[in-house]
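Each chain, written out:
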Amino acid sequence: MIPAAFEYARAESIDHAIELLGGADDAKILAGGHSLLPLMKTRLAQPSLLVDISRIGDLSYVREDGDMVAIGALTRHHDVANSELLQQVAPIVADTASRIGDPQVRHVGTIGGSIAHADPAGDMGTVMVALGAQFAISAAAGATRTVAAGDFFQGLFQADLAANEVLTEIRVPKTSGGWSYLKFNRRAIDWAMVGVAAVQQNGSAAVALTNMGETPLRAAGVEEALAGGADPATASARADEGAAPPSDAFGSAEYRREVSKVLVRRALEETLG
Amino acid sequence: MVATEQYVGSPVLRKEDAKLLTGQGNFVDNQSMAGMVWMALVRPPHVHATIQSIDTAAAASMPGVVGVYTAADLETAFPAALPMVWPITEDIKIPTHWPLTKDKIRFAGDAVAVVVAETREQAEDAAEMVTVSASDLPAVTDLEEAATDEVVIHEDLGTNVVVHWSHGGGGDQSVFDSAPVIVQERFTQPRLIPNAIEPRGCLAYGSPAAGEFTLVSATQIPHICRVGLSIATGVPQSKLRIIAPDVGGGFGSKLNVYAEEALALALTRSIGRPVKWIETRPENYVATIHGRGVLHDCTLAGTEDGEIQGMKFVELADMGAYFQLLTPGIPELGGWVYMGPYDTKAYWYEFKGIITNATPTDAYRGAGRPEATFVIERLVDAYARRIGMDPADVRRKNFLPPSAEAFASVMGLSIDSANYEPTFDRALELAEYDQMRKEQQARRDRGDTKQLGIGLSSYIEMCGLAPSEILGALRYVAGGWDAAEIECRPDGKVVVRTGTSPHGQGHETSWSQIVADGLGVTPDDVEVLHGDTSVSRLGMDTYGSRSASVGAEAVARALEKVRAKARTIAAHELEVAEDDLEWTDGAFRVSGAPDKARTIPELAASAWHAHALPADMEPMLEGTAVWDPPNFTWPGGTHICVVEVDTETGKTDIMRYVAVDDCGNVINPMIVEGQVQGGVAQGVAEALYEEALYDESGNLMSSSMTQYLVPTAVEIPSITQDRTVTPSTTNSLGVKGIGEAGTIASPPAVVNAVIDAVSHLGVSHIDKPASPERVWRAIRDAQGGAA
Ligand SMILES: Cc1cc2nc3c(=O)[nH]c(=O)nc-3n(C[C@H](O)[C@H](O)[C@H](O)COP(=O)(O)OP(=O)(O)OC[C@H]3O[C@@H](n4cnc5c(N)ncnc54)[C@H](O)[C@@H]3O)c2cc1C
């Protein structure tokens, strides 16, 4: 519960953060700290330097950008949940943010931290994959690039993000049809044991799963069945195709597979009416 | 100020809360001293292993390190091992339990060394540098496997089966063979982690030159600690002061004498500087006692029409790797309530205590009685299902008859008073039992995926620990009395010193209500001091729902002495006979001339300046009582839980929870309600969420609050409460105790409800906690394996 010793630096800007990150072997960005600090307290993470980006003023926003909505990486879960813009044009994002952890977590944790952490049990990554979101990333020497959510998550806590890069903005498409994020957990404060995001897209639905593998997963079998005209009950039977859920104190892999089918069916019923 | 209000029985706000809620509490971790050093324990990543060597050199050279000590370095510091005070049988085998283990590691958390450093961080960093070379042995955490003795954990004892206690039975045992209906069930109850919001911690200081030491500790039992730590460290009781400052909950986990307390004392004695230790939460999960961890084979003998004839229970109880203060006595405590509130003619209970490679178990809220109540109430439901009777009807048919007097029970002890049916009826009414049954049927008929279940739990508990003579007969080494001193100050204020040691129970408020009524002052005029062996000299502390029925009764008895002395002084000053005085409107008044009067504050001033007291009377208005109860107290009640179970996922939601308890007379109804709420919350946790799981190598998998599911306010239902009042005959206050009732009654109410919700699908058994997966599997298995 006492972290190992570390250095601390406060970044004034994105470029400053990148510069600081480049100056140490084992530096880590600190945003809300709600994933990183627990790891440090148990000494599972022992970074030599923390680069605190949480005071960079202009990274917290939600604004319209054509047929997309742009969300600054430092926007707190609470602000995402309460954004009127998101509630109107991308309600699945606001609703999901309102169900992350508890009020304390939501007031401190950030959407960028959630996504960069690449925890397969995190809710936001799944929603991003279902929506087909885009992530803007800044690198050294003023370089920037954009990655699609579907390509960003590479493995357990592994993302397409170098140690000296900063995730700066999340861009989600506006949605007009049905949607659903169902989160199955034992306690309200818990991560999803299984989660399902479904978003209506031209008569069919995009479906993604939380905590059913090492990354947020696209439920390709379900989408294929739906595209082929199957009803939700039939399509949901394919929910766990290609999934590799964990077995842990919350539930076995076998049980998670079954729950994913029930949840996918219920999410599709909500989404497709 | 003279008060005429009656305070006992009214919901006086807790006087403790203002400081606690505004951050002005004084917990161990709020305290530090000049020259203080910090202690950190080295708990190597082994479960069961023989120690070859411990290398402390690297740690000793770390910055700020004052010293690194192993058991060998502290050989002379401890004249005796840590105390276990309840050798329940003559032939019990007692594992030796040193503050640091010497030759072997016997559970994940067994400490091999202690580091002392200038700061907490330095102590933690250095503790990581101690290296232990040890060869692993096979580990056993499963009860039945440990009982085979294939792996023996304490070689010198020759077995893991260290104690076998039998109640000896009551009534005609032949019914267990001959009754028309014999129901046999096996129930397992997992280990639980008590999770007091404040972990343990202590601060030891003193004067090695004078041989005098003080230990400030987050403990429930300063008085018992003084005795136990004196034995372990050799500091005489006369030179050892224990202070329990504000303590953030205990639930039994601080009803103990712990290694870290003995180490801090021994180290301050050898180093000559104050030594502080604060437990971390992960440490708390392995190094503070666990609760439950039992397996029962149960038999109920009865008739086809619902008359219970016999109840029989044979238990295996997980002791963990060592005994802590009361470990083998905990199952035995339950051994006196296995008949529940029922009028069974035959009774049998026995248990074997098994050593395993896991954290020692000990008292956890309810201590033995929740274990008993869970299996009784599950068994009664199984019986009702077998004979096709409504579980409410079976219970009603078998309640012990009402009695305002104490009466002998089939288990051999005497029950102080009883009246179970009115409590039961009120619970059914509040739960709208009949309407819920109809709603259940309607959902079953439509094959709803959300099924309703109704669970009942009627209980009896044994509180008010304890009559010393009975404790002696049960081989407990101490007495069960408690003490109080009341001192009336000349400014009209009153100081009460109680031997109980509250850590959330509100004794400061409740005790002052009793004293205020007796002395004609307000509760705010009364200061209740506790938790310091130099302030409240005598006492046996707080656990086992004993504080009101033993500690507050001692206050009431001291109060009578104060009043008697005050009356003598009043008669002297008013120049009348004592018999001519009446106590009305908060003062002693001359009969027929009520204006001629003396209040207690007036009399306290007279007794203090002592200018004109009756001849031979000692100055000061004060009184002391040490009280040994003649019997236990026996609260009871009925809890009803209504749940909704999602038959597709197995997830349970509690729709309604009703608690009707009878704890005798009530001093403060708001505090009683709070105790029931907290108790039910812990019981719901036990029924649906909490379970300490070990992996095959004996590592605790539920090692943090991420994996060990302490529910939050969201998961806990609002609770509808009511009470009936059947005064205890054990004490003059008529109180029985309420601290553990909620935890005792609720787990079977909830689990019975979950099973009831899916019983029409063929389910008759689900283990605790009834997790979604367990419920889902039970349904699937009952339906022949198809998901
Ligand atoms: C009690 C509790 C309950 C929780 N429950 C949930 C839940 O139900 N669902 C859920 O999804 N999450 C949950 N979380 C996690 C929470 O959402 C975290 O806030 C979030 O995962 C991390 O965000 P953060 O801002 O705190 O990131 P930090 O902890 O500061 O950082 C996390 C990681 O991301 C990196 N990082 C952060 N920001 C950036 C950036 N802009 N660019 C590049 N790298 C970056 C950091 O270096 C670090 O490696 C819970 C957390 C707690 C403590």
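Since the structure is predicted, the reported quantities are computational estimates derived from the model, not experimental observations.

(A) Layout of the domain arrangement of chain B. Residues and elements named next belong to chain B. Taken domain by domain, chain B consists of domain 1 (17–23 + 481–627), domain 2 (31–137 + 197–249 + 254–287) and domain 3 (366–462 + 633–782). On a C-alpha basis, the centres of domain 1 and domain 3 stand 40 Å from each other. Contact between domain 1 and domain 3 buries roughly 1,100 Å² in total, counting both sides, with carbon and sulfur atoms accounting for 57%. Per-residue buried area on domain 1 facing domain 3 is highest for Ser545, Ser549 and Glu553; these three make up 38% of the total on that side.

(B) Representation of the interface of chain A and chain B within the structure. The interface of chain A with chain B comprises 21 residues on the first partner and 32 residues on the second. Connecting chain A to chain B are 7 salt bridges. The shortest N-O distance in the salt bridge between Arg780 of chain B and Glu254 of chain A comes to 2.7 Å. The interface formed by chain A and chain B includes 15 residue pairs in polar contact (both at pLDDT 80 or more). Counting residues per element, the side of chain A that touches chain B draws most heavily on helix 12 (residues 253–272) of chain A, which supplies 6 residues. Per-class residue counts for the side of chain A that touches chain B are 10 nonpolar, 3 polar and 8 charged.

(C) Just the site of the ligand, in detail. All names here are of chain A. Ile29, Gly33, His34, Leu36 and Thr110 are the nearest of the 31 residues found near the ligand. In this structure, Lys28 approaches the ligand through a side-chain N or O atom, which is 3.3 Å from an oxygen atom. In this structure, Ala31 approaches the ligand through a main-chain N or O atom, which is 2.8 Å from an oxygen atom. For the ligand, whose free accessible area comes to 960 Å², the fraction covered by protein is 92%.

(D) The arrangement of the sheet that holds strand 10 (residues 166–173) of chain A in detail. All names here are of chain A. What the 5 strands build is an open sheet, ordered 4-5-10-6-7; its pairing is antiparallel. Looking along the sheet, the strands with just one partner apiece sit at the ends: strand 4 (62–65) and strand 7 (144–148). Strand-to-strand twist of the sheet, defined as the mean angle between neighbouring strand axes without regard to direction, takes the value 25°. Relative to strand 10, strand 6 (residues 134–138) is paired through 5 bridges, and the arrangement is antiparallel. Opposite Ala136, over in strand 10, you have Glu169 as the bridge partner. Packing against the sheet, helix 1 (residues 14–22) makes contact with strand 6 and strand 10, and its axis sits at approximately 130° to strand 10.

(E) Molecular detail of the state of the cysteines. Residues and elements named next belong to chain B. Applying the stated criterion across every chain yields a total of 0 disulfides over all chains. Take Cys663: it sits in no disulfide, and the sulfur closest to it among the cysteines is that of Cys463, at 9.4 Å. On the basis of relative accessible area, Cys663 is assigned to the buried category, the value being 3%.

(F) Local environment of the sheet that holds strand 5 (residues 113–117) of chain B. All names here are of chain B. Pairing in this open sheet of 7 strands is mixed, and the strands run 3-5-1-12-9-10-11 from one edge to the other. Of all the strands in the sheet, the pair left with one neighbour each is strand 3 (65–70) and strand 11 (240–243). Each neighbouring strand pair of the sheet contributes to a mean axis angle of 20°, computed without reference to strand direction. Of the pairings in the sheet, the one linking strand 9 (residues 201–207) to strand 10 (residues 212–217) comprises 6 bridges and is antiparallel in character. By the bridge assignment, Ala204 is partnered in strand 10 with Leu215. Contacts from helix 6 (residues 222–233) reach strand 10 and strand 11, with the element oriented near 140° to strand 11.

(G) Here's a closer look at the domain arrangement of chain A. Residues and elements named next belong to chain A. What the domain assignment reports for chain A is domain 1 (7–52), domain 2 (59–173) and domain 3 (192–272). On a C-alpha basis, the centres of domain 2 and domain 3 stand 21 Å from each other. Taken together, the contact pairs 15 residues of domain 2 with 15 residues of domain 3. Where domain 2 abuts domain 3, roughly 1,200 Å² becomes buried across the two surfaces, and 67% of that area is made up of carbon and sulfur atoms. Across the domain 2-domain 3 interface, the total number found is 0 salt bridges. Taken together, domain 2 and domain 3 are joined by 4 residue pairs in polar contact (both at pLDDT 80 or more). Counting residues per element, the ones that place at least two in the side of domain 2 that touches domain 3 are helix 8 (123–131) and strand 8 (153–155). If you tally residues by element for the side of domain 2 that touches domain 3, the top one is helix 8, at 7 residues.

Quick notes on the rules
- Residues numbered from 1 in each chain as written.
- Chains lettered and ligands numbered in written order.
- Predicted model: local features only at pLDDT ≥ 70, side-chain atom pairs only at ≥ 80, totals over all residues.
- Heavy atoms only, no water.
- Domains from an automatic or database assignment.
- Buried area = accessible area lost by both parts, 1.4 Å probe.
- Contact = heavy atoms within 4.5 Å.
- Salt bridge = Lys/Arg side-chain N within 4 Å of Asp/Glu carboxyl O.
- Polar contact = N/O pair within 3.5 Å; in protein donor to acceptor, adjacent residues only side chain to side chain.
- Helix = DSSP H or I, 4+ residues; strand = E, 2+ residues; numbered from the N terminus.
- Nonpolar A, V, L, I, M, F, W, Y, C, P; charged D, E, K, R; others polar.
- Near = heavy atom within 4 Å.
- Areas by Shrake-Rupley, 256 points an atom, 1.4 Å probe, with all protein chains shown as cover.
- Pairing = 2+ DSSP bridges.
- Axes fitted to C-alpha atoms, helices over the stretch in contact; angles between N-to-C directions.
- Disulfide = S-S within 2.5 Å.
- Buried < 20%, exposed > 50% of the residue type's maximum accessible area, 1.4 Å probe, protein only.

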